[in-house]
Amino acid sequence: MTDHSTDRSRSPAVQPDHDTQSDAAGDRAAVPDDSHPLLEVENLETHFPITRGLLRREVGRVRAVDGVSFEIRDGEAFGLVGESGSGKTTTALSALRLEEPTGGEIRFDGDSIMSLSGADLRAFRRRAQLVVQDPNEAFNPRLTIGQAVAEPLALHGMDDADRRQAIVTDLLERVGLSADDVDRYPHEFSGGEKQRIAIARALVLNPDLIVADEPTSALDGRVQSDVLALLDELRREFDIAVLFISHDIDVVRRFCDRIGVMYLGEIVEQGPTDEVLEAPAHPYTRTLLGSVPSLDPSDRELVRPLTDTIPDPSDPPSGCRFHTRCPELIPPEDVDLDRELWQTIAAFRFTLQADELPAAIEPDAGTTAVDEATVRETFGLPSDIPDERVDRGVDDAVDAIVRGDLEVARDRLAEAIPTVCERSTPSDGTDCERPVRCHRYDPSVDAEPLSWP
Ligand SMILES: Nc1ncnc2c1ncn2[C@@H]1O[C@H](COP(=O)(O)OP(=O)(O)OP(=O)(O)O)[C@@H](O)[C@H]1O
């Protein structure tokens, strides 16, 4: 692998131009589209085996990351956003080979890092640094922060102690601490200060890429904002690319040039931050935002998933992984119900499937058997549905619930309302100007793409 770090004149000891702005939002055009791809992730897969017994026989796999592709250009901030468990951290750790990918390809500065080892892997790690969520994890309590920040320099062969000291004090001042702090210990600093020191430590080897995994989520509001502004300022000063992990859309909005939205191990939508957040195309992105943006804030349409249960990544739903929660689930071609009724019936089906049973109809909750009226009322189901097949399926399912046979209820609904979203796996659709993994953007599927005001 070629080491370009010496080509670059952004050693921490060099004074860069301080005339930068701390809020990323105003300066997104700073990364030209044709700039160099620094990190290329292609079809990345990281599965964790689930084992049983003394012989640790493999009985399944957690598909934490399952076919993820993105790239980050020089100096660009790319964010991964999604609910807890969607695979953001595993993607970030895999990109650094701190977690071993089980498939796919990762290139850094044009070279594959998949089979690096020994000195080559160390050289790569020098250029790609990690900042973790909890700054307490980042420090050995027995080392002063001066020693902690200098440690990577010594490990990578800088023997000159005076030079190390000069770089460390310079960096500490840049992150808002004082040169006098070098002899103090981690416990003497607040959480926000420790995260600043962790950032100084990540910068000390003059990296090209920083992977920041929820770097501010352990901090309070104001401190969070200051640390974020610092990270943003430094990445611009030193022209560092950042892979930024967060479940907080507002943080990502402020910091990232482009984002990828993750759900159950996949990126379902990616593109420039403003475009994705102002015109979210994937139904999952809309549920993450909680509403569809509108020019008139009083006209915002609230968007909620059909069910709250995130499926198990060791057994993800077939077809589109979001289909069990998707408010835009595509009805069968021959079914023509109004949108609200269709959503009610789909929510009925997937609530039963997820075992999210409301207390009123839990089979073992009450002393009296549940009756049909209660089931219909609980799920908001009308007594008559203007589609014969769906009406019969819902009737059968309601009867089965009254008998306490949930298995039959689930089967009847699955038969009555099949959907392409469950049957086939979406590719990144072509009816949208950016990659969106949803059947609604597949021209061969009979369904309207989503629009926004
Ligand atoms: N070492 C591991 N062994 C088995 N399963 C794992 C391991 N690490 C992560 N997982 C599982 O992989 C899935 C993705 O986890 P990951 O931490 O990457 O998600 P995340 O989006 O970063 O969530 P969070 O925001 O909660 O950290 C989860 O189901 C998690 O339980």
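Since we're looking at a predicted model, the values are computed, not measured.

Calculation notes
- The written sequence of each chain sets the order in which its residues are numbered from 1.
- Owing to the predicted nature of the model, reporting of local features is limited to residues with pLDDT of at least 70; listing and counting of side-chain atom pairs is limited to 80 or more, with chain, interface and lining totals taken over all residues.
- As used in this record, a residue near a molecule or strand is one whose C-beta atom, placed from the backbone, is within 6 Å of it.
- Comment: elements are numbered from the N terminus, with helices defined as DSSP H or I runs of at least four residues and strands as E runs of at least two.
- Residue classes follow a fixed rule: Ala, Val, Leu, Ile, Met, Phe, Trp, Tyr, Cys and Pro count as nonpolar, while Asp, Glu, Lys and Arg count as charged, and any other residue, Gly among them, counts as polar.
- Whether a residue is buried, exposed or partly exposed is read from the other C-beta atoms within 10 Å of its own C-beta, which are placed from the backbone; 20 or more gives buried, 12 or fewer gives exposed, and intermediate counts give partly exposed.
- Strand pairing requires that DSSP identify at least two bridges connecting the strands.
- When the strands point away from the viewer and the connection leading from the first strand across the helix to the second strand turns clockwise, the crossover is called right-handed.
- Under the convention used throughout, the expected extent of a helix is 1.5 Å for every residue step, that is, one less than its residue count.
- Two residues qualify as being in contact provided that their C-beta atoms, derived from the backbone, are within 7 Å of each other.
- Structural elements are reduced to axes, namely lines fitted to C-alpha atoms, with helices fitted over the stretch in contact, and the angle between N-to-C directions of any two is expressed from 0 to 180 degrees.
- Put simply, angles under 35 degrees are roughly parallel, angles over 145 are roughly antiparallel, angles from 65 to 115 are roughly perpendicular, and the rest are oblique.
- A clockwise turn of the near helix away from the far one marks a right-handed crossing, whereas an anticlockwise turn of less than a right angle marks a left-handed crossing.
- Scored from 0 to 100, pLDDT records how confident the predictor is in each individual residue.
- By our criterion, buried Ala, Val, Leu, Ile, Met, Phe, Trp, Tyr and Cys residues that link up through C-beta atoms within 7 Å make up a nonpolar core.
- Start and end points for every domain follow an automatic or database-based domain assignment.
- UniProt positions are given in the numbering used here, feature names are shortened, and annotations may be inferred rather than shown by experiment.

1. Focus on the site of the ligand
Close to the ligand lie 13 residues, the nearest being F48, A64, S84, T89 and T90. The set of elements that each furnish at least two residues to the shell around the ligand consists of β2 (57-73) and α1 (88-95). Grouping the constituent residues of the shell around the ligand by class yields four nonpolar, eight polar and one charged.

2. Remarks on the pairing of strand β7 (residues 209-213)
The element β7 is largely enclosed, with a buried count of five among its five residues. The alternating pattern of β7 places L209, V211 and D213 on one face and I210 and A212 on the opposite face, and all of these are buried. With five bridges connecting them, β7 and strand β8 (residues 241-246) associate as parallel partners. Within the sheet, the bridge partner assigned to V211 lies in β8 and is L243. Considered for its hand, the β-α-β crossover made up of β7, helix α6 (residues 221-238) and β8 is right-handed.

3. Some details on α6
The terminal C-alpha atoms of α6, which comprises 18 residues, lie 26 Å apart, in line with the 26 Å expected from a rise of 1.5 Å per residue. Regarding α6, the residues found buried are V227, L228, L230, L231, D232, L234, R235, R236 and F238. Taken together, the buried residues of α6 touch β3 (77-81), α5 (191-203), β7, β8 and α7 (249-255). A positive phi of about 55° marks D239, the residue just after α6.

4. Notes on the packing of helix α3 (residues 145-155) against helix α4 (residues 161-174)
In helix packing, the relevant descriptors are the interaxial angle and the interaxial distance, both defined with respect to the helix axes. With their axes 9 Å apart at the nearest point, α3 and α4 run at an angle of 125° to one another. Viewed along their axes, α3 and α4 adopt a mutual orientation that is oblique. Relative to α4, the crossing made by α3 is right-handed. Between α3 and α4, the residues in contact are G146, V149, A150, L153 and A154 and R164, I167, V168, L171 and L172, respectively. When its residues are assigned to classes, the contact of α3 with α4 shows eight nonpolar, one polar and one charged.

5. As for the packing of α5 against α6
Axis separation between α5 and α6 bottoms out at 10 Å; the angle between their running directions is 15°. Between α5 and α6, the interaxial angle falls into the category roughly parallel. Relative to α6, α5 is oriented so that their crossing is right-handed. Residues G191, G192, Q195, R196, I199 and L203 of α5 touch α6, and the partners they reach there are V223, D226, V227, L230, L231, L234 and F238. Residue classes in the contact of α5 with α6 are distributed as eight nonpolar, three polar and two charged.

6. Considerations on the confidence of the model for the protein
Residues shown with low pLDDT carry predicted positions that ought not to be read at fine detail. Per-chain confidence: the protein averages 86 in pLDDT, with 88% of residues scoring 70 or above. In this model, residues 1-30 is a region of pLDDT below 50 whose contacts with residues beyond four sequence positions or in other chains number 43 contacts. Across the predicted assembly, pTM comes out at 0.87 and ipTM at 0.98.

7. Considering the nonpolar core
By size, the foremost hydrophobic cluster in this structure holds 111 residues, and its most contacted members are V149, I199, V211, F244 and V261. At seven residues, helix α10 (residues 339-353) tops the list of elements feeding residues into this core. Lining this core are residues from two domains, each supplying at least three of them: domain 1 (5-278) and domain 2 (283-423). Ignoring any residue separated from it by four or fewer positions in sequence, one finds V149 in contact with V168, L171, L172, I197, A200, R201 and V204.

8. With respect to the environment of A198
Along the chain, A198 turns up in helix α5. Sequence-wise, A198 and E45 are 153 residues apart; in three dimensions their C-alpha atoms are separated by 29 Å. When sequence neighbours within four positions are dropped, the list of residues in contact with A198 reads V131, P135 and A138.

9. So, the environment of T344
Tracing the backbone through its elements, the reader meets T344 in helix α10. Through-space distance from the C-alpha of T344 to that of G380 is 6.9 Å; in sequence the pair is 36 residues apart.

10. Some points on the sheet that holds strand β5 (residues 111-112)
Adjacent strands of a sheet pair through backbone hydrogen bonds, lying either parallel or antiparallel. Strand order in the open sheet formed by four strands is β2-β1-β4-β5, and the pairing between neighbours is antiparallel. The sheet is open, and its two edges are formed by β2 and β5, each paired on a single side. Across two bridges, strand β4 (residues 103-108) lies against β5 in antiparallel orientation. Each residue of the ladder has a partner; that of F108, found in β5, is D111. Contacts between α1 and the sheet are confined to β1 (37-52), β2 and β4, with β1 contributing the most and set at about 115° to the helix.

11. Points about the domain arrangement of the protein
Partitioning the protein into structural domains gives domain 1 (5-278) and domain 2 (283-423). On the side of domain 2, twelve residues touch domain 1, which itself brings 19 residues to the contact. Counting residues per element, the ones that place at least two in the side of domain 1 that touches domain 2 are β2, β9 (258-263), β10 (266-272) and α8 (273-278). Ranked by the residues each element gives to the side of domain 1 that touches domain 2, the list is headed by β2, at five residues. A class-by-class count of the residues in the side of domain 1 that touches domain 2 yields ten nonpolar, three polar and six charged.

12. Considering the UniProt feature "domain: ABC transporter" (unreviewed entry) in the protein
Following the UniProt record, one finds the feature "domain: ABC transporter" (unreviewed entry) at residues 39-289. Across residues 39-289, the secondary structure splits into 37% helix and 29% strand, with the terminal C-alpha atoms separated by 28 Å.

13. What to know about the sheet that holds β7
Taken in spatial order, the six strands of this open sheet run β6-β7-β8-β3-β9-β10, and their pairing is mixed. Every interior strand has two partners, whereas the edge strands, β6 (128-131) and β10, have only one. Sheet twist, expressed as the average angle between the axes of neighbouring strands with direction ignored, equals 15°. Two elements, β3 and β8, share five bridges in a ladder whose sense is parallel. Its bridge partner lying in β8, G79 is registered against F244. Along the sheet face, α1 touches β3, β7, β8 and β9 and points at about 155° away from the line of β8.

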